[in-house]
Amino acid sequence: MIKRAECLIFCGLLASNALAWNPDPQIIEAQAPQTAFAQLADFQNAARPEYDAYLTAGIIYLPLPSQSELKTKWGTHEGFAFRQRLGLWLADRFDDKDPEGLKYGFGWFGERQGWDNEDFLFIPHRGNYSQINQIHAFGFTVADSINHWLLGGGVQYLNAKEESLRWWLLGTWSRFSVMPAFDKGDLQFVNAQLFLQARKLRGDKNSWQNYLPDLECTYYSKDSLRMFVSQNVFKQRLYLEGAYSEDFTWVAIKYYPEPSRFILALEATATKKENGDFYFGGGITLPILRVAYNHANDYEAFFKSRGLWIVEIRLAIGTSGDSFFALNAPKPAPNEISQTPVKKQEFNQEKEK
Amino acid sequence: MNKFMLFFAIILSSCTHWLIDTETRIQMENNTGVEIHNLSLVSQNGQTKVLVPDTLKAGDRSRIYEYEWVGEFGFAVFSEGSQKDLGVHRLKGGIVLAQIKEENGKFVMRLR
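Residues numbered from 1 in each chain as written. Chains lettered and ligands numbered in written order. Predicted model: local features only at pLDDT ≥ 70, side-chain atom pairs only at ≥ 80, totals over all residues. Heavy atoms only, no water.

A. Representation of the pattern of salt bridges. Taken as a whole, this structure holds 18 salt bridges over all chains when the rule is applied. For Glu 69 of chain A, the salt bridge is made with Arg 90 of chain B, and the minimal N-O distance between the two is 3.0 Å. Within this pair, whereas Glu 69 of chain A is found in the loop between β1 (53-61) and β2 (70-72), its partner Arg 90 of chain B is found in strand β6 (residues 82-91), the two belonging to separate chains. The buried category is assigned to Glu 69 of chain A, whose relative accessible area is 6%. Owing to a relative accessible area of 29%, Arg 90 of chain B belongs among the partly exposed residues under this scheme. The closest approach of N and O atoms between Glu 66 of chain B and Arg 25 of chain B, which form a salt bridge, is 3.4 Å. Of the two residues, Glu 66 of chain B is situated in strand β4 (residues 65-67) and Arg 25 of chain B in strand β1 (residues 24-30); the sequence distance between them amounts to 41 residues. The exposure class assigned to Glu 66 of chain B is partly exposed, which follows from its relative accessible area of 49%. (Salt bridge = Lys/Arg side-chain N within 4 Å of Asp/Glu carboxyl O. Helix = DSSP H or I, 4+ residues; strand = E, 2+ residues; numbered from the N terminus. Buried < 20%, exposed > 50% of the residue type's maximum accessible area, 1.4 Å probe, protein only.)

Spelled out as structure tokens, the structure:
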């Protein structure tokens, strides 16, 4: 029995060995500003006026050194591409059910990513061709849940060969949110969101507005824009999504059996690369695990990887009062504790005597 | 069974480098009839990086040099004032003996 299991694992490793791709140092360095954008967009989605806390973590680990050999002018170097991230946003009085007045919050989102010639959990080896990017965002928020507004600001540290310190602002009012980020006086991007879809988590009622789209537009420069749309097509469980920018476009169909998106997400994506090639992929997301192949998000966030099975140990929980949910979800997860009636035991005094 | 569990424990701890060599200890052996020197890596644009800086007479072995080069690279060696390309080879890590010989008037390398 064990022999058969060992054989299966060996075949699996061989197959994963065949499915490999080669990042190069330029791609790894160029990933840092893209991650900086994605990290702040996550902050923007996590810190909503009606929400109380958000915790996220993720580790992408490729077990074999031949899966992500680094391509340099000398040839290909065995080693490991990796991505490790952790993030937390927490508002004060986060356990209050109906907080009145202002709520103050603090957030830190950190990511370490790159390529190292040895694999590691904590301390990288930092060999000759290792390239490790660090991207950290810190920020404070102040929000009024009753009137649905939130203001925030902070800094973002990027280290990809060269260090830089950005600063950013965040303003959210009801379904509209805007977030500009600057490097000294230079605008890096403005991310504007118009999330029209009715969300129970925000206090909206179930109505036809559940079928309004979520829109996002990111302005990098007048020549570089990114548009994103997410459209509910069935009971806030089935969505069609698409993102368009000049050099990278994808469409996706996403199914969440449960609208909190917390338990399970099934996704299929079609991606168009810079050179016009199309490819198809998909993934399954569980509360602590994500398995994906050729997924558009991994092409965008994991060094343009493709033809590679990605296994990520991950976590993403948002809370609002006593409910919890995944990022961008419209409804909270069903709260079994508050919905299950508790049978009270009658205390029989006479019997006790 | 124990080996099987150990294998998984190492994979889960993200430390497969305990099992796999991430360094190469390389030694050159001259099986040609002439003197050769400077076993080198060759880049795509023709740049060279010397791995074994020894000069070897026919039949000699070099000292051992240790590098963090594990992967697939282009090689060359120098003889009689000219660069002799040895093609692309995979360094798998660990101890490697690079045997260089002459076949049909061309220099070839075999890694053992």
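B. Looking closely at the pairing of strand β5 (residues 103-116) of chain A. All names here are of chain A. Of all 14 residues in β5, eleven are buried, a share of seventy percent or more. For strand β4 (residues 80-91) and β5, the ladder comprises twelve bridges, and the chain directions are antiparallel. Bridge pairing in β5 links Gly 87 to Phe 109. Pairing of β5 with strand β6 (residues 131-144), which is carried by 13 bridges, proceeds in the antiparallel orientation. (Pairing = 2+ DSSP bridges.)

C. Helix α1 (residues 2-12) of chain B, seen in detail. All names here are of chain B. Among the residues of α1, Phe 4, Ile 10 and Ile 11 are the ones counted as buried. For α1, the angular spread of the buried residues around the axis is 130°, confining them to a single face. Exposed positions of α1 whose direction lies more than 90 degrees from the buried face are Asn 2, Leu 6 and Leu 12. Trailing α1 by a residue or two, Ser 14 shows a phi angle of about 60°, which is positive. (Arc of directions from axis to C-beta.)

D. Quick peek at the interface of chain A and chain B. Taken residue by residue, the interface counts 26 residues in chain A and 28 residues in chain B. Interface of chain A and chain B: buried area, both sides summed, is about 2300 Å²; carbon and sulfur atoms make up 56% of it. Summed over the shared surface of chain A and chain B, the result is ten residue pairs in polar contact (both at pLDDT 80 or more). Secondary-structure elements contributing two or more residues to the side of chain A that touches chain B are α1 (2-18) and β3 (75-77) of chain A. Partitioned by chemical class, the residues of the side of chain A that touches chain B number twelve nonpolar, eight polar and six charged. Pairing geometry for β3 of chain A and strand β5 (residues 71-79) of chain B, over three bridges, is antiparallel. Bridge pairing in β5 of chain B places Gly 75 of chain A opposite Phe 73 of chain B. (Contact = heavy atoms within 4.5 Å. Buried area = accessible area lost by both parts, 1.4 Å probe. Polar contact = N/O pair within 3.5 Å; in protein donor to acceptor, adjacent residues only side chain to side chain. Nonpolar A, V, L, I, M, F, W, Y, C, P; charged D, E, K, R; others polar.)

E. Quick look at the side chain of Glu 258 of chain A. Residue and element names in this part refer to chain A. In this fold, Glu 258 is placed in the loop between β14 (249-255) and β15 (265-272). There is no salt bridge for the buried Glu 258, and the closest opposite charge comes from Arg 237, which lies 6.2 Å off by N-O distance. Reaching out from Glu 258, the side chain makes a polar contact with the side chain of Ser 260 at a distance of 2.4 Å. If sequence neighbours within four positions are ignored, Glu 258 has contacts with Ile 263, Pro 332, Ala 333 and Pro 334. (Lys, Arg positive; Asp, Glu negative; His and termini not counted.)

F. Molecular detail of the confidence of the model for chain B. With 99% of its residues at a pLDDT of 70 or more, chain B has an overall mean of 89. Interface predicted TM-score (ipTM) for the complex: 0.89; the corresponding pTM is 0.86. (pLDDT = per-residue confidence, 0-100.)

G. Region of the structure containing the packing of aromatic side chains. All chains considered together, the criterion is met by 21 aromatic pairs over all chains. A cation over an aromatic ring shows up here: Lys 84 of chain B above the ring of Phe 107 of chain B, its NZ or CZ 5.5 Å from the ring centre. (Phe/Tyr/Trp six-rings, centres within 6.5 Å; stacked < 30°, edge-to-face > 60°. Lys NZ or Arg CZ within 6 Å of the ring centre and 35° of its normal.)

H. How the structure looks around the pairing of β1 of chain B. Residues and elements named next belong to chain B. Buried residues dominate β1, accounting for six of its seven residues. Sheet topology places β1 next to β4; three bridges connect them, and they run antiparallel. Bridge assignment links Thr 24 to a residue of β4, and that residue is Tyr 67. Where β1 lies against strand β7 (residues 94-103), seven bridges are found, and the strand directions are parallel. Note that in β7 the partner of Glu 29 across the bridge is Gln 99.

I. Just the side chain of Arg 226 of chain A, in detail. All names here are of chain A. Take Arg 226: it is sitting in strand β12 (residues 224-234). Its relative accessible area of 11% is what places Arg 226 among the buried residues. What Arg 226 contacts, discounting residues up to four positions off in sequence, is Phe 37, Glu 216, Cys 217, Thr 218, Tyr 220, Ala 243, Tyr 244, Ser 245, Trp 250 and Glu 300.

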